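The residues making up each chain are set out below.
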Amino acid sequence: MRDVLVPHVALEKVKTHHFSDYAVRFAFGCGIALVSGLIGMWFGPKVGGVLLGFPAILPASLTLVQKKDGKDSASVDSIGAMLGAIAMIAFAVFVSLTVKSIGPIPSIVIALIVWLAVAVGLYFLVALVFKREPHPH
């Protein structure tokens, strides 16, 4: 584990994945989006919208991470997904409270900044609590 708390991108790791890994993620994401779209057509846009908020490739990604890197890595990746989901809730709440008063484009742009601030803040909060990066890679 690294002691540095700054996220980084490891481009060399992209080459370690097979095309089938990406194909499974893509297929799983398409399947979830299709099912949620069909449910939305049947039960209405409110139900469909809630289901479309489900991170479509997360189950497939966690399964692949668990097979390749073990259960601990998949568990830590799921924590990152939860932090991102919490930040996305902040984004949605901000847009819902401001879209009528300031308009859709400013609302979404500012909400993106809110999402980024919440996501980065939660990342560093978890890093401080656990005294390490949330991700062990």
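Our structure is the block above this text.
Residues numbered from 1 in each chain as written. Predicted model: local features only at pLDDT ≥ 70, side-chain atom pairs only at ≥ 80, totals over all residues. Heavy atoms only, no water.

What the chain contains, in helices and strands, is five helices and zero strands. Along the chain, helices and strands appear, N-terminal first, in the series α-α-α-α-α. In the chain, buried positions account for 22% of the 137 residues. Long-range pairs, those at least 24 residues apart, make up 57% of the contacts in the chain with a sequence separation of at least 6. Split by element, the accessible area of the chain, about 9,700 Å² in all, is 77% carbon and sulfur. (Helix = DSSP H or I, 4+ residues; strand = E, 2+ residues; numbered from the N terminus. Buried < 20%, exposed > 50% of the residue type's maximum accessible area, 1.4 Å probe, protein only. Contact = heavy atoms within 4.5 Å. Areas by Shrake-Rupley, 256 points an atom, 1.4 Å probe, with all protein chains shown as cover.)

Within the fold, threonine 98 resides in helix α4 (residues 71–102). Side chain to side chain, threonine 98 and serine 107 meet in a polar contact 2.7 Å long. Contact partners of threonine 98, with chain neighbours within four places excluded, come to Gly103 and Ser107. (Polar contact = N/O pair within 3.5 Å; in protein donor to acceptor, adjacent residues only side chain to side chain.)

Let's shift gears to the side chain of serine 107. The residue serine 107 is located in helix α5 (residues 104–130) in this model. Using a relative accessible area of 0% as the deciding quantity, one classes serine 107 as buried.

Over its twelve residues, helix α3 (residues 58–69) extends 16 Å from the first C-alpha to the last, a length consistent with the 16 Å expected when each residue adds 1.5 Å. When α3 is considered as a whole, its buried residues turn out to be Ala60, Ser61, Leu62, Leu64 and Val65. Remark: glycine 70 follows α3 within two positions and exhibits a positive phi of approximately 105 degrees. (Expected span 1.5 Å × (residues − 1).)

Here we take up a nonpolar patch on the surface. On the surface, Trp42, Phe43, Val47 and Leu51 cluster together to form a nonpolar patch covering roughly 460 Å² of accessible area. Those elements giving two or more residues to the nonpolar patch turn out to be α1 (19–43) and α2 (45–52). With respect to the helices and strands, phenylalanine 43 occurs in helix α1. Looking at phenylalanine 43, the relative accessible area reads 57%, which means it is exposed. (Patch = residues over 30% accessible without salt bridge, like charges linked within 9 Å, V, L, I, M, F, W, Y side chains within 5 Å. Salt bridge = Lys/Arg side-chain N within 4 Å of Asp/Glu carboxyl O.)

Taken N-terminus to C-terminus, the directions of α3 and α4 make an angle of 150 degrees; their axes are 7 Å apart at the nearest point. By the criterion of interaxial angle, the relationship of α3 to α4 is roughly antiparallel. In this structure, α3 meets α4 at a crossing whose hand is right-handed. Judged by residue contacts, Leu58, Leu62, Val65, Gln66 and Asp69 of α3 engage Lys71, Ser73, Ala74, Asp77, Ser78 and Ala81 from α4. Here the contact of α3 with α4 is composed, by residue class, of five nonpolar, three polar and three charged. (Axes fitted to C-alpha atoms, helices over the stretch in contact; angles between N-to-C directions. Parallel < 35°, antiparallel > 145°, perpendicular 65-115°, else oblique. Left-handed = near helix turned anticlockwise from the far one by under 90°. Nonpolar A, V, L, I, M, F, W, Y, C, P; charged D, E, K, R; others polar.)

Let's shift gears to the packing of α1 against α3. Contact geometry of α1 with α3 gives a least axis separation of 8 Å together with a crossing angle of 155 degrees. In terms of orientation, α1 lies roughly antiparallel with respect to α3. Seen along the crossing, α1 lies across α3 with a hand that is right-handed. Every residue of α3 that contacts α1 at Asp21, Val24, Arg25 and Phe28 is listed here: Pro59, Ala60, Ser61 and Leu64. Partitioning the contact of α1 with α3 into residue classes produces five nonpolar, one polar and two charged.

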